[in-house]
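The primary structure of each chain is shown beneath.
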Amino acid sequence: MLVLSFVGIVPGVLLKNGIIDSYEDRAVLQRSIDVSNQCKILSNQIYTYGYLTDSYSEVINAEVEQLAGMLDGRIMVIDNTFKIVKDTYVLEQGKTIVSEEVIKCFKGTNTSKYMKKDNYISLTVPITDTITKETIGVILVSMSTDNIKDSIVILQQKATVLQLGMGIVILTLAFYLARILVKPFARVSNAIEALNEGYINEKISVSDYTETELISDAFNKMMGRMKVLDDSRQEFVSNVSHELKTPLTSMKVLADSLIAQEDVPTELYKEFMVDIAEEIDRENKIINDLLALVKLDKTAADLNITTVNINGLLELILKRLRPIAAKQNIELLFESFRPVTAEIDEVKITLAISNLVENAIKYNTENGWVHVSLNADHKYFYIKVADSGIGIPEESLEHIYERFYRVDKSHSREIGGTGLGLSITRNAILMHRGAIKVYSKESEGTTFTVRVPLNYISQ
Ligand SMILES: Nc1ncnc2c1ncn2[C@@H]1O[C@H](COP(=O)(O)OP(=O)(O)O)[C@@H](O)[C@H]1O
Ligand SMILES: [Mg+2]
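- Going by what an unreviewed UniProt entry lists, the chain is known as histidine kinase and is assigned to Candidatus Galacturonatibacter soehngenii.
- What UniProt records for the chain under Catalytic activity (unreviewed entry) is the sentence "ATP + protein L-histidine = ADP + protein N-phospho-L-histidine."
- Regarding the chain, the UniProt comment filed under Subcellular location (unreviewed entry) reads as follows: "Membrane".

Here it is as structure tokens:
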């Protein structure tokens, strides 16, 4: 607001000073022109009356005195021997004057000088012989500019009053305008403040200005995203608790039923203990997967990037999974189109691809096949994992990367899935700035394709 008032007042001050200065200059100039014109008439008369040689002319004396009185100044008439023929102040009459101005005037230039400090104008006008065009004398006038100064003082006073008035008007205007202009923004911040204390689901709306509307919209969008995040976090926590509790519940049931019975045969004990051990394994698996996922949720700065031979890496993964495939009599094939080396985090990519191949084996049919292939261009390497398995229903395709999502809960559980595998895979691939895609047809098979840059792209 202060700035506003400054912006309003400063031009006023500049304007005032500018106008007064130029008024003074103009007034002085005008005065000088008027006086020299009058002096020209006088100089003609002086020549005609031959006053320079005979200074007793009543007419000229009266004229000179009258003009001096009118100008409130002093007039001297000087002849070509620099003798002062007439001085209205009488003081210098008959004496000789040698001044720069007078000499200049004899040489043909009129002079006019304004002494600002001493408040007077001094000017010279030549007396010319109309026949020979020779300068035969000079009229030297000095007059006070007090009346100009007086009017300037009056002007200044008026301007100051005007300026004060303007200042007050501008200040009040600035004050009110600032308050009016800022109000909607205060409303925005109040609305945000209110939301901070209260509930996240509400929306703010301040549509006074386009700007405040834009701020409101951006804020609401951000709140929306926060809500999505918050919802998914809550869902994750409740899923985690549920998943971790399931094996515990089973163990509790198994243990309780053993406790409740008397004289339990050893075989039953053993059977139940095997079941309990299985549940412990499952609990372990869930916890391991969760830990892997949490690690992947951290920033990409945690990646441990090295140059890795991808062919070797895939062969190692397949070698590890071959026994599981053999159990279900599934053919596991690897096809490589070229040798590939890339800058990756070996542990994380291994985890990602292992999950895909594991799924392809797990969700397969007896005597089925799994084909893994590797290819590359100048920028990316591509891994394809195709199977002849049960496939994924179309409506599930968009959910398979969600944590804990399983198409067929009971079947998947039987197979030993946690529903975390694909979200681990996807996170790991995205951390490498890669992409993953799935094509699937129910009871025909599924194909996952993964694309990862050969050179690691840091953020
Ligand atoms: N190759 C595949 N063929 C058929 N279904 C699959 C395949 N891969 C994943 N799925 C489905 O996607 C779900 C999620 O997979 P994933 O996240 O790895 O969890 P899970 O622990 O169950 O393997 C699986 O439960 C399964 O229903
Ligand atoms: Mg899996």
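## Structural notes on the sheet that holds strand β3 (residues 111-115)
Two strands in a sheet stick together by hydrogen bonds in their backbones, pointing the same way (parallel) or opposite ways (antiparallel).
Next, step 1: Spatially, the 5 strands line up as an open sheet ordered β2-β1-β5-β4-β3, and their pairing is antiparallel. Whereas interior strands pair on both sides, the edge strands pair on one side only; in this sheet they are β2 (84-87) and β3. Averaged over all neighbouring strand pairs, the angle between strand axes comes to 15°, with direction disregarded.
Next, step 2: Relative to strand β4 (residues 120-128), β3 runs antiparallel, the two being bridged by 5 bridges. Looking at the pairing, K113 lines up with S122 of β4.
Next, step 3: The strands touched by helix α2 (residues 58-71) are β1 (73-79), β2 and β5 (135-144); relative to β1, the strand with the most contacts, the crossing angle is about 145°.

## Overview of the nonpolar core
Next, step 1: I310, V357, F381, I383 and F448 are the most contacted members of the largest nonpolar core, which has 51 residues in total.
Next, step 2: No fewer than three residues from each of domain 2 (210-293) and domain 3 (301-453) sit in this core.
Next, step 3: Residues in contact with V357, not counting those within four places in the same chain, are L318, L321, L332, V372 and V385.
Next, step 4: V28, A68, L71 and V125 belong to the second largest nonpolar core, which has 27 residues in total.

## So, the layout of surface pockets
Next, step 1: Of the volumes computed, that of the second largest pocket is approximately 400 Å³.
Next, step 2: S232, R233, E235, F236 and R403 are the residues nearest the centre of the second largest pocket, which is lined by 15 residues in total.
Next, step 3: Counting residues per element, the lining of the second largest pocket draws most heavily on helix α5 (residues 210-260), which supplies 10 residues.
Next, step 4: Residue composition of the lining of the second largest pocket, by class: 5 nonpolar, 3 polar and 7 charged.
Next, step 5: Here the lining of the second largest pocket gathers at least three residues from each of two domains, domain 2 (210-293) and domain 3 (301-453).

## Some thoughts on the pattern of salt bridges
Next, step 1: The final tally for this structure, using the stated rule, is 11 salt bridges.
Next, step 2: A salt bridge links R406 to E243; the shortest N-O distance between them is 2.9 Å. Placement of R406 in the loop between β10 (380-387) and α9 (409-415) and of E243 in helix α5 is noted, with a sequence separation of 163 residues between them. Each member of the pair R406 and E243 is classed as buried.
Next, step 3: Three or more residues are tied together by salt bridges with common partners; here these are E24, K116 and K149.

## Focus: the site of ligand 1
Next, step 1: Looking at ligand 1, there are 20 residues lining it, with N359, Y363, T418, G419 and L422 nearest.
Next, step 2: When the free accessible area of ligand 1 is taken as 530 Å², the share hidden by the protein chains comes to 97%.
Next, step 3: Sorting elements by how many residues they give to the shell around ligand 1 places helix α8 (residues 346-362) first, with 3 residues.
Next, step 4: Looking at the shell around ligand 1, its residues break down into 9 nonpolar, 8 polar and 3 charged.

## Digging into the domain arrangement of the chain
Next, step 1: Along its sequence, the chain is organised into domain 1 (2-152), domain 2 (210-293) and domain 3 (301-453).
Next, step 2: Taking only C-alpha atoms into account, the centre of domain 1 sits 108 Å from that of domain 2.

## Focus on α2
Next, step 1: With 14 residues, α2 ought to run about 20 Å at 1.5 Å a step, and its terminal C-alpha atoms sit 20 Å apart, in line with that.
Next, step 2: When we look at burial in α2, the residues that qualify are I60, N61, V64, L67, A68 and L71. The buried residues of α2 occupy an angular sector of 135° when the element is viewed end-on, so they sit on one face. With respect to the buried face of α2, the exposed residues turned more than 90 degrees away are E58, Q66, G69 and M70.
Next, step 3: Downstream of α2 by one or two residues, D72 has phi in the positive range, about 60°.

## Notes on the packing of helix α7 (residues 310-327) against α8
Next, step 1: At a closest axis distance of 10 Å, the pairing of α7 and α8 adopts a crossing angle of 35°. In the crossing of α7 with α8, the sense of the turn from one axis to the other is right-handed. Seen from α7, the contacting residues are L313, L314, I317, L318, R320, L321, I324 and A325; seen from α8, they are E346, I349, T350, I353, S354, V357, E358 and I361.

## Considerations on unusual backbone geometry
Next, step 1: Positive phi is not limited to glycine here, since F82 has a value of about 65°.
Next, step 2: With respect to the element layout, F82 can be found in the loop between β1 and β2.
Next, step 3: If you check the backbone angles, N367 has positive phi at about 65° while not being a glycine.
Next, step 4: Tracing the backbone shows N367 in the loop between α8 and β9 (369-376).
Next, step 5: You can call N367 exposed: its relative accessible area is 53%.

The rules behind these values
- The written sequence of each chain sets the order in which its residues are numbered from 1.
- Labels are handed out in written order, letters beginning with A for the chains and numbers beginning with 1 for the ligands.
- Note on the predicted model: pLDDT of at least 70 is required for a residue's local features to be given, and 80 or more for side-chain atom pairs to be given and counted; whole-chain, interface and lining totals, by contrast, use all residues.
- As a convention, hydrogens and water are excluded, and side-chain values are obtained from all of the structure's heavy atoms.
- UniProt positions are given in the numbering used here, feature names are shortened, and annotations may be inferred rather than shown by experiment.
- Should DSSP find at least two bridges between two strands, the strands are taken to pair.
- Secondary structure counts use DSSP, requiring at least four H or I residues in a row for a helix and at least two E residues in a row for a strand, with both numbered from the N terminus.
- Every axis corresponds to a line fitted to the C-alpha atoms, with the helix fit spanning only the stretch in contact, and the corresponding angles, defined between N-to-C directions, vary from 0 to 180 degrees.
- Residues count as neighbours in contact if any of their non-hydrogen atoms are within 4.5 Å of one another.
- Residues belong to one nonpolar core when they are buried, are Ala, Val, Leu, Ile, Met, Phe, Trp, Tyr or Cys, and are joined through side-chain atoms within 4.5 Å.
- Burial here depends on accessible area, computed with a 1.4 Å probe over protein chains only, as a share of the maximum for the residue type. Under 20% is buried, over 50% is exposed, and the range in between is partly exposed.
- Source of the domain bounds: an automatic or database domain assignment.
- The definitions used throughout rest on a 1 Å grid laid over the protein atoms alone, on which a cavity is an enclosed set of points accommodating a 1.4 Å probe that cannot get out and a pocket is an open set flanked by protein within 12 Å on both sides along at least five of seven lines; lining residues are those having an atom within 4 Å of a point.
- Grid points are joined across faces, edges and corners, and a volume is the space filled by probe spheres set on the points.
- Any residue that is not Ala, Val, Leu, Ile, Met, Phe, Trp, Tyr, Cys, Pro, Asp, Glu, Lys or Arg is counted as polar, Gly included; the first ten are nonpolar and the last four charged.
- Within this document, salt bridges are pairs made up of a side-chain nitrogen of Lys or Arg and a carboxyl oxygen of Asp or Glu, the two lying within 4 Å of each other.
- Nearness is judged by heavy atoms alone; a residue qualifies as near a molecule or strand once a single heavy atom is within 4 Å of it.
- Note on areas: Shrake-Rupley with a 1.4 Å probe; residue coverage comes only from the protein chains shown.
- Under the convention used throughout, the expected extent of a helix is 1.5 Å for every residue step, that is, one less than its residue count.
- The directions considered for the arc are those from the helix axis to the C-beta atoms.
- Helix crossings get a hand from a simple test, with the near helix turned counterclockwise from the far one by less than a right angle marking a left-handed crossing and a clockwise turn marking a right-handed one.

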